[in-house]
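Here is what each chain is made of, one letter per residue.
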Amino acid sequence: MSDFYFALPRFIAKLAGKHAARSEHNALEAHGIGAVIFFISYLFGLQFVNLRTAVWQIAIVLIVLLFATWVFWLIVLYINALILKLLRALGFFRTMPDAYFQSVLIGTLTTLFACELNRGGSWFSIIGIIWMAAVIANLAAALVLALTDAESRARD
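Caption draft 1: Region of the structure containing the overall build of the chain. From N to C terminus, the chain includes five helices and zero strands. Classification of the 156 residues of the chain by burial places 25% in the buried group. Within the chain, contacts between residues separated by at least 24 positions form 60% of all contacts whose residues are at least 6 apart in sequence. Looking at the chain as shown, the accessible area adds up to about 10,500 Å², and 73% of this sits on carbon and sulfur atoms.

Caption draft 2: Quick peek at helix α4 (residues 98-120). The terminal C-alpha atoms of α4, which comprises 23 residues, lie 33 Å apart, in line with the 33 Å expected from a rise of 1.5 Å per residue. Taken together, the buried positions of α4 are Y100, F101, I106, L109, T110, F113, A114 and L117. Where α4 ends, the next residue or the one after it, G121, has phi of about 85°, a positive value.

Rules used throughout
- Residues numbered from 1 in each chain as written.
- Predicted model: local features only at pLDDT ≥ 70, side-chain atom pairs only at ≥ 80, totals over all residues.
- Heavy atoms only, no water.
- Helix = DSSP H or I, 4+ residues; strand = E, 2+ residues; numbered from the N terminus.
- Buried < 20%, exposed > 50% of the residue type's maximum accessible area, 1.4 Å probe, protein only.
- Contact = heavy atoms within 4.5 Å.
- Areas by Shrake-Rupley, 256 points an atom, 1.4 Å probe, with all protein chains shown as cover.
- Expected span 1.5 Å × (residues − 1).

In short, shape yes, function no, at least from these values alone.
Here it is as structure tokens:
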């Protein structure tokens, strides 16, 4: 399962004839996707801000929104950890790493934010469309890699 967090870059490398294996701790992928997730969350929050005020007020609001977006993700991940702790106490998902649950939650919320950006009709919708296309492409790449990896393991 961990092989397919960022399946699309692996799939592209495989298509280019390069070695498709990747490290679980690929900082470039993780930080890049993390920045995109934060940006989409920020844009989602920006939709609720009145930008028809003085420039100095807009600047303050934009800075506060940066901090609020960061706090939002801290709270979401904390609640996720509490839910996971409860589920494990009940006997569920004991061997599943926390990162899998966090990835599903973050990916789901970000995709919901991207869907909402699409409904806005501004240039934000382009960002939402790009995110959803990337998610679909990543899922398709994960499926293809899983099938080709299973096929190559069956031959061995």
